[in-house]
Amino acid sequence: MDFITAFVSSLNNGGLTFLADFLNNEFNMAIATLALIGACTFVLKENRHLKVLVLTLLLGLAISASIKLIWHVPRPCATVPAKIPCPPDSSFPSTHTIAAFSLVAASLGYASLVIYLPFAIFVAFSRVYLGVHTFFDVAASLGLAMVSYALASAVLARIEGLKHAGNK
Amino acid sequence: MPGINEFERQLVHINLGLACLLMLALIGRTASTLVVSATLIAGMTIMHMKMRGEKILLVDPLIDRFERAHTVPGYGSLWYNVGVLLTFALLVNEAHIASALIILALGDGMSTIIGSMHGTHRIFYNSKKTWEGVLAFLVFSAPAIIFTGWLGVLAIIFAAFVEALPLKIDDNLAIPLACVVVFRILV
């Protein structure tokens, strides 16, 4: 195990564990993500990037699920005791981190980034803190969130191009 | 002949890749990944601020000097950073990481310089790239073979092929991904 994973997973704080465990639950994470998107869309009145944000998020989840299906990496909690029960699926990539950083990637240049970025950093930290992912899992997931943003932008640019061609 | 701005850009591109290689040798894969992750988050914040029209004292002169005209400030650097991060995080073997960094830094950087200086023969499936650029990519990526042998040859050829494709994804991301595919999936 790398020294960053060993250090972060050795930390122990009641409040932090409660929050990290709360977001570990997929349902809670989905509600938190949707609540943030809803708040940013309606309170900050930011809906211009909603298409790319939703597509980035969906592509990120699809990339994560596909990689987990074909590439099994054992979780760190398989060998070292974690703060929560060890999930049975692959450690790589971290779906939570991909989802959280997809919001960040799609919000570059928008005011909502100020809300999404601390959330994403906390989510990434919490995965290593709980002992269910290694530091490399979350670092690669940050990169994969950017890849899903690049793909979503390319797909939307292609659709826009086809629309323009159709209008002509 | 490429503009001085483009030439300087490519020199920065090459030197950044070589600096990452040096960082890998000096502090190892784990600490390097942490540095690159932190740089990516800082870079995203800077790009975000520039997109919102804010002035950043130390960064603005660098963007004026090295960034291509009519592009989102920091766009190329962002994908370079993502590419390097994926290289560090996804490749376990340090020799593989070193090879991928050489291909990204020297191969991609020199192919742009040579292609725009001496490129006359356009690739039939991508009019923006030339055969001279592809040849430069293959030649200048050759030091990667020192680290990974025949596998390096395979990575260079595959990365050169991907770089020449008319993709809507930045080369700085496509090339490291091509290297990751060869080193991680084909091995």
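In this report, we go over the structure that sits alongside the text. (Residues numbered from 1 in each chain as written. Chains lettered and ligands numbered in written order. Predicted model: local features only at pLDDT ≥ 70, side-chain atom pairs only at ≥ 80, totals over all residues. Heavy atoms only, no water.)

## Structural notes on the pattern of salt bridges
And then number 1: By the definition in use, this model includes four salt bridges over all chains.
And then number 2: Its salt-bridge partner being Arg75 of chain A, residue Asp89 of chain A comes within 2.7 Å of it at the nearest N-O pair. Of this pair, Asp89 of chain A sits in the loop between helix H4 (50–70) and helix H5 (95–106) while Arg75 of chain A sits in the loop between H4 and H5, placing them 14 residues apart in sequence.
And then number 3: Ionic pairing is found between Asp171 of chain B and Lys129 of chain B, a salt bridge with its closest N-O pair at 2.9 Å. Linking Asp171 of chain B in helix H8 (residues 171–185) with Lys129 of chain B in strand S2 (residues 126–130), this pair joins segments that are 42 residues apart in sequence. (Salt bridge = Lys/Arg side-chain N within 4 Å of Asp/Glu carboxyl O. Helix = DSSP H or I, 4+ residues; strand = E, 2+ residues; numbered from the N terminus.)

## Here we look at the packing of aromatic side chains
And then number 1: On inspection of all chains with the given rule, the structure shows four aromatic pairs over all chains.
And then number 2: Ring plane angle 20 degrees and centroid distance 5.9 Å describe the contact between Phe125 of chain A and Tyr129 of chain A, whose orientation is recorded as stacked. Taken together, the residues Phe125 of chain A and Tyr129 of chain A, both in helix H6 (residues 113–130) and four residues apart, mark about one turn of the helix.
And then number 3: Between Arg29 of chain B and the ring centre of Phe136 of chain A, over which it is positioned, the NZ or CZ distance is 3.6 Å. (Phe/Tyr/Trp six-rings, centres within 6.5 Å; stacked < 30°, edge-to-face > 60°. Lys NZ or Arg CZ within 6 Å of the ring centre and 35° of its normal.)

## Digging into a nonpolar patch on the surface
Residue and element names in this part refer to chain B.
And then number 1: Together, Leu135, Leu138, Val139, Phe140, Ile145, Val153 and Ile157 line one region of the surface with nonpolar side chains, adding up to about 560 Å² of accessible area.
And then number 2: Elements with a contribution of two residues or more to the nonpolar patch: helix H5 (131–140) and helix H7 (150–164).
And then number 3: The dominant element in the nonpolar patch, judged by the number of residues it contributes, is H5, at four residues.
And then number 4: Considering the arrangement of structural elements, one finds Ile145 in helix H6 (residues 144–148).
And then number 5: We classify Ile145 as partly exposed; its relative accessible area is 33%. (Patch = residues over 30% accessible without salt bridge, like charges linked within 9 Å, V, L, I, M, F, W, Y side chains within 5 Å. Areas by Shrake-Rupley, 256 points an atom, 1.4 Å probe, with all protein chains shown as cover. Buried < 20%, exposed > 50% of the residue type's maximum accessible area, 1.4 Å probe, protein only.)

Any functional reading would require information beyond the geometric quantities listed.
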